[in-house]
Every structure is written in structure tokens, then in C-alpha cells.
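Each chain, letter by letter, is given below.
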Amino acid sequence: YDKSFSVMSRPYTILSLDGGGIWAMTQLQVLADRFGADTSGHEILSHFDMIAANSGGSLTLGGLVCNLSPAQMIKNASDEEKRRQMFSPIRPTHHFLPNGIIQFIVRIVNFFKGRNEIPFAFGPRYRTTKKGKFLMDEHGIYEGHHSDFSPRLSLRTLAMKRQNLFSGKPLPFLLIASYDAMNHRAKFFHSPRPGDSDNSNGNVLLGRAIHGSTNAPVNYFDQPANFGNERGSDYPMHRIWDGGLSGYNNPSHAAVIEAFKLGKKRSEIRVISLGTRESMLKRKSVATKWLGMFAAQRGRFTFRRFRDIKTISKKYGGPIIGIMKYLSLQRDFFIDTLKTMSTTILKEPADGASYLALQFMADRADSLPVDRFIRMSPLLSPDDATDSTQSSFNLEGEVELASQLDFDLVDPHWFLYTTRVFNWWRKGLIPNQPITHSFGKISEDQPLKFKLGDKTYSEAMKRWREWA
């Protein structure tokens with residue numbers, strides 16, 4: 001880490017932090033590599049003018065604001081007890097009784113499946129209220145924070161505070177994405193803008209804003225994050241879900257627009273966008289998934305449906321097995337569709353956001369400022385994993401397993417994959433996520449084609465270190 005990095009001569013620099021639950025560990029490891037594991041949060045913040053975050057990324061934002069070093073944040077996130085307080089499971093005796101019983105049965109099923117199986121999940125599993133209390137607890141996820149900075153301070157108060165550092169600069173502009181469940185629209189909690197007459201955002205406590213932004217719906221938490229009217233008319237009622245519902249799991253494009261609102265020119269803006277991880281199915285799996293979709297769509301017996309059954313029968317060794325497999329494909333596709341809809345907030349919005357941000361930063365549509373935008377996120381693509389050591393270690397299989405893991409990695413066995421994925425990425429065994437890419441026809445050996453973006457972790461980090 002080069003401490004000669006100038007804070008006086010640089011353009012308007014934005015740090016954008018994706019959502020991704022426990023996979024936000026990736027961001028902490030990147031920051032540790034770039035600035036040093038023991039560098040204080042405020043010293044890291046002194047290199048940026050704006051921090052935009054959603055969900056798991058907002059936890060990283062909170063740690064930096066509370067002046068925790070990457071090493072301290074990694075230590076807190078590695079504490080299993082803290083993770084279990086963050087993801088406190090619904091019990092049969094809790095208010096959501098039907099789902100409490102379902103989750104009780106699911107936990108029994110998962111217990112007998114064993115640790116080597118990815119846990120089965122269905123419906124809301126965790127208590128929103130427990131998470132809210134934990135995030136406001138000064139001995140919780142932000143244990144060890146600076147005495148003058150805590151999650152109990154409002155965004156307005158934080159904006160007025162000065163860092164006790166060499167720079168003496170105010171904290172960067174904070175932008176936290178969420179979804180307003182009452183009005184069904186995107187909601188941003190942010191630092192007060194110059195001349196801003198709306199006091200509601202500034203009076204929201206940092207911990208509450210993070211609580212709302214980390215509140216993933218459908219398959220995760222049981223109700224919106226609910227903030228009361230403790231501070232009178234300037235502190236309105238909020239019922240909040242994760243900002244990914246608004247399409248801001250990667251908030252980089254929202255941050256660029258916010259910079260425009262703050263009076264910054266396109267040519268002044270540059271962005272570091274840190275993801276948590278992106279996943280791609282094996283090409284063979286994609287083909288099987290499409291076959292399941294066709295099977296699900298054809299509800300009556302037709303020649304095409306007969307042809308599908310015939311194809312599957314030939315593959316699996318007989319008509320009886322073929323018909324059973326065909327029906328199971330319909331069932332699997334339906335279940336997979338439900339799961340996909342509940343996690344789609346982590347998918348295309350994140351991929352599309354980087355490209356949108358680049359377009360907003362461009363003076364001309366045919367000249368994208370790729371030199372002022374760095375996207376860093378591990379891409380879990382089994383077909384593109386390369387084990388340069390040629391060892392007996394099955395990297396492709398491990399990457400495929402990691403790509404299927406959810407973002408609530410409470411169990412230590414699964415939590416270890418956050419570090420494993422980072423190490424694969426840093427060593428160049430898995431690619432960096434491109435800004436734009438393409439594929440040819442679905443096949444097992446079709447490589448990922450980069451159009452824009454850095455292909456490897458080392459390339460992206462090298463560019464970042466060269467920024468002055």
C-alpha cells in the first residue's frame with residue numbers, strides 16, 4: 001500500500017459496494033489488499049468522495065464509517081455467533097406461525113442431508129426485528145468501532161463530524177440503496193445535500209439505514225424493516241426492503257447520477273465498483289435448464305413433447321425413466337423459477353449497472369470512459385475456471401458448488417468458501433467479472449468472451465493502484 005497516494009490532486013472518486021450478504025467478505029479482502037489489512041476505516045474513506053452501497057455492501061460502508069480496519073471487519077464477520085445474530089431463524093413459536101413450522105421441517109431435512117449438501121431453503125427464514133437490534137448494538141457487527149462514530153448516529157450528524165486523521169476532511173457523501181415497501185419505489189438514504197430542505201434522510205440513523213438495505217425479501221427475512229417516528233415529523237415512518245428490489249444491488253449508476261446532482265462534471269468522475277461474486281451456470285447445465293423450461297411450457301401431448309420424451313429416454317436409458325425424468329424436469333423448473341425470482345435482485349441489475357454508469361459518464365455514446373471505471377468481482381463460471389497447478393484438486397467442481405451457495409453463509413463449513421473464492425480470484429484461477437461480455441452457442445467448451453472490463457483480479461488491481 002502506497003501512502004503517497006494524493007488526496008488533493010485526484011478527481012471525484014466513488015466507491016460502489018454491491019449487495020451479497022455474507023459474500024461482502026470479498027469486499028473486505030479487496031480493501032485489505034489495496035490499502036492494508038490494519039489501515040483504519042477513515043484513512044480508507046479519505047481516498048473517496050462518495051460511498052454508495054446496498055445490502056451486504058452497506059455493512060462494509062458502516063464498518064468504514066465506524067473507523068474499523070478491514071482486519072477488524074473480517075474478524076467480526078468471521079464470528080459465527082455474530083452471523084447467527086444477523087440471521088436469526090424463525091421458530092415455530094414466532095408470530096409467522098405457518099412459516100415457522102415450515103422452517104422447522106426444513107432444518108430437520110437439512111440436518112439429515114448433511115454438510116456436504118447445499119442446504120434446502122423455502123420461504124422467509126429469518127427475523128427482521130432481531131437483525132435490526134443486532135445492527136444497532138455497538139457490540140455487534142461493529143464491535144471495536146471508534147468512540148465518536150457508531151451506528152446510532154444519524155447521517156446528518158455523521159456529515160458534520162470531522163475525521164481525526166491527517167486529512168481533516170469530512171466523511172464522504174454516503175448513499176445507501178433500499179426499497180420503500182409502503183410506496184413501492186426505490187428509496188435512498190443519503191448524507192444531506194447542500195441546500196437540501198428535506199430533513200427526513202439526514203435524521204435516519206446509520207444502523208437503521210443499513211438495516212433496511214440488508215433486508216432481503218421472499219426467501220430471507222420475514223417482514224420489512226420498520227423505523228418508527230421517534231424523532232417527530234422530521235423522522236417519518238419507513239418500511240424498507242433490500243435495495244436490490246429497486247434494481248440497485250450494484251449502485252454504481254445511482255452513485256454517478258447522485259454525483260451529477262451534486263454538481264460534478266462527467267470528466268471529473270471515476271468509479272471503483274466492488275462486487276461480492278457473480279455466478280454463471282455450466283454451459284451443460286444451461287442446456288438442461290432450457291430443456292426443463294420447454295418441458296414445463298408444453299402442457300398437452302404434442303409431437304414436440306413426444307420428441308422431447310424420446311430424446312430424454314434415449315439419454316437416460318428407457319421410456320419409463322425418460323417419462324419420469326421429463327416430469328421431474330417440469331417440477332425442478334417450477335421450483336427453480338421460484339428461487340430465481342427471489343434472487344433475481346442479485347443478477348442482471350448488478351451486471352447492467354456497470355454499463356449504465358459508464359454510459360452516464362461518457363461525453364459521447366461511442367466513447368466510453370473505461371479508464372475511469374474499474375469493476376472488481378469474482379466470476380464463478382465453472383467452464384472458465386483454470387487450475388494452473390494441474391493438481392488433483394477439482395477446481396471446476398468446487399467453483400460450481402460455490403456458485404450455488406446462497407448469501408446467508410452462517411455455517412462455518414460454507415462460510416470458508418468466501419475466502420476460498422477470493423483466493424481463487426486473486427490467483428487468477430477464476431476470472432474477474434466483465435462489464436460487458438458475450439457467449440456463442442451453448443456448448444461445454446465455449447469460453448467467456450470479454451468486451452469491456454478487466455479479465456483478471458491482478459489487471460483490475462494494477463489499474464486501481466496506478467490511479468493518482
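Residues numbered from 1 in each chain as written. Predicted model: local features only at pLDDT ≥ 70, side-chain atom pairs only at ≥ 80, totals over all residues. Heavy atoms only, no water.

S.K.: Help me out: how do you make sense of the overall build of the chain in this one?
M.R.: Counting its secondary structure elements, the chain contains 17 helices and 12 strands. By residue count, 52% of the 468 residues in the chain fall in the buried class. Across the chain, contacts joining residues at least 24 apart in sequence account for 74% of those joining residues at least 6 apart. If you sum the accessible surface of the chain, you get close to 21,400 Å²; carbon and sulfur atoms cover 55% of it. (Helix = DSSP H or I, 4+ residues; strand = E, 2+ residues; numbered from the N terminus. Buried < 20%, exposed > 50% of the residue type's maximum accessible area, 1.4 Å probe, protein only. Contact = heavy atoms within 4.5 Å. Areas by Shrake-Rupley, 256 points an atom, 1.4 Å probe, with all protein chains shown as cover.)

S.K.: Teacher, can you tell me more about the packing of aromatic side chains here?
M.R.: Here the distance between the centres and the angle between the planes together describe a pair of aromatic rings. Following the criterion strictly, the structure yields 11 aromatic pairs and no others. For the pair Phe 188 and Tyr 248, a centre-to-centre distance of 4.9 Å together with 70° between the ring planes defines the contact as edge-to-face. In this pair, Phe 188 sits in strand E4 (residues 185-190) while Tyr 248 sits in the loop between strand E6 (238-242) and helix H10 (252-261), placing the two residues 60 residues apart along the sequence. Three or more aromatic residues link up through ring pairs in this structure, and these residues are Phe 35, Phe 48 and Trp 464. Cation over ring: Arg 34 sits above Trp 464, and NZ or CZ is 5.4 Å from the ring centre. The residue whose ring lies beneath Lys 131 is Phe 221, and the NZ or CZ to ring-centre distance is 4.9 Å. (Phe/Tyr/Trp six-rings, centres within 6.5 Å; stacked < 30°, edge-to-face > 60°. Lys NZ or Arg CZ within 6 Å of the ring centre and 35° of its normal.)

S.K.: It is not clear to me how helix H1 (residues 25-35) should be interpreted in this structure. Could you clarify?
M.R.: Each α-helix turn comprises 3.6 residues. Residues three or four places apart therefore point the same way. When you tally the buried positions in H1, you get 11 out of 11 residues, the bulk of the element. Among all positions in H1, only Met 25, Thr 26, Gln 27, Leu 28, Gln 29, Val 30, Leu 31, Ala 32, Asp 33, Arg 34 and Phe 35 are buried. After H1 finishes, the residue Gly 36 shows a positive phi value of roughly 110°.

S.K.: Looking at this structure, how should I read the packing of H1 against helix H17 (residues 457-466)?
M.R.: When two helices pack together, their arrangement is given by the angle between the helix axes and the distance between those axes. Across the interface, H1 lies against H17 with an axial gap of 11 Å and an inter-helix angle of 50°. What the angle tells us is that H1 and H17 run oblique. The way H1 lies across H17 gives a crossing that is right-handed. Contacts between H1 and H17 involve Val 30, Leu 31, Asp 33, Arg 34 and Phe 35 from the former and Tyr 457, Met 461, Trp 464 and Arg 465 from the latter. (Axes fitted to C-alpha atoms, helices over the stretch in contact; angles between N-to-C directions. Parallel < 35°, antiparallel > 145°, perpendicular 65-115°, else oblique. Left-handed = near helix turned anticlockwise from the far one by under 90°.)

S.K.: How should I be thinking about the side chain of Ser 273 in this particular structure?
M.R.: By the element assignment, Ser 273 lies in strand E7 (residues 269-274). Classification of Ser 273 as buried rests on a relative accessible area of 0%. A polar contact is formed between the side chain of Ser 273 and the side chain of Arg 375, at a distance of 2.7 Å. When near neighbours in sequence (up to four residues on either side) are disregarded, Ser 273 contacts Ser 16, Asp 18, Asn 250, Ser 252, Ser 354, Phe 373, Ile 374, Arg 375 and Met 376. (Polar contact = N/O pair within 3.5 Å; in protein donor to acceptor, adjacent residues only side chain to side chain.)

S.K.: Please clarify how the nonpolar core should be interpreted in this entry.
M.R.: Nonpolar side chains tend toward joint burial in soluble globular proteins. Of all hydrophobic cores here, the largest spans 76 residues; its most connected members are Val 30, Leu 61, Leu 274, Met 376, Trp 424 and Trp 464. With residues up to four places along the chain from it excluded, the contact list for Leu 61 reads Leu 17, Ile 51, Ala 53, Leu 174, Leu 175, Ile 176 and Leu 206. (Core = buried A, V, L, I, M, F, W, Y, C linked by side-chain atoms within 4.5 Å.)

S.K.: Please explain the environment of Leu 205 as it appears in this structure.
M.R.: Among the secondary structure elements, Leu 205 is positioned in the loop between E4 and helix H9 (206-213). Taking relative accessible area as the criterion, Leu 205 reaches 8% and is therefore assigned buried.

Treat this as a map of the structure, not an account of what it does.
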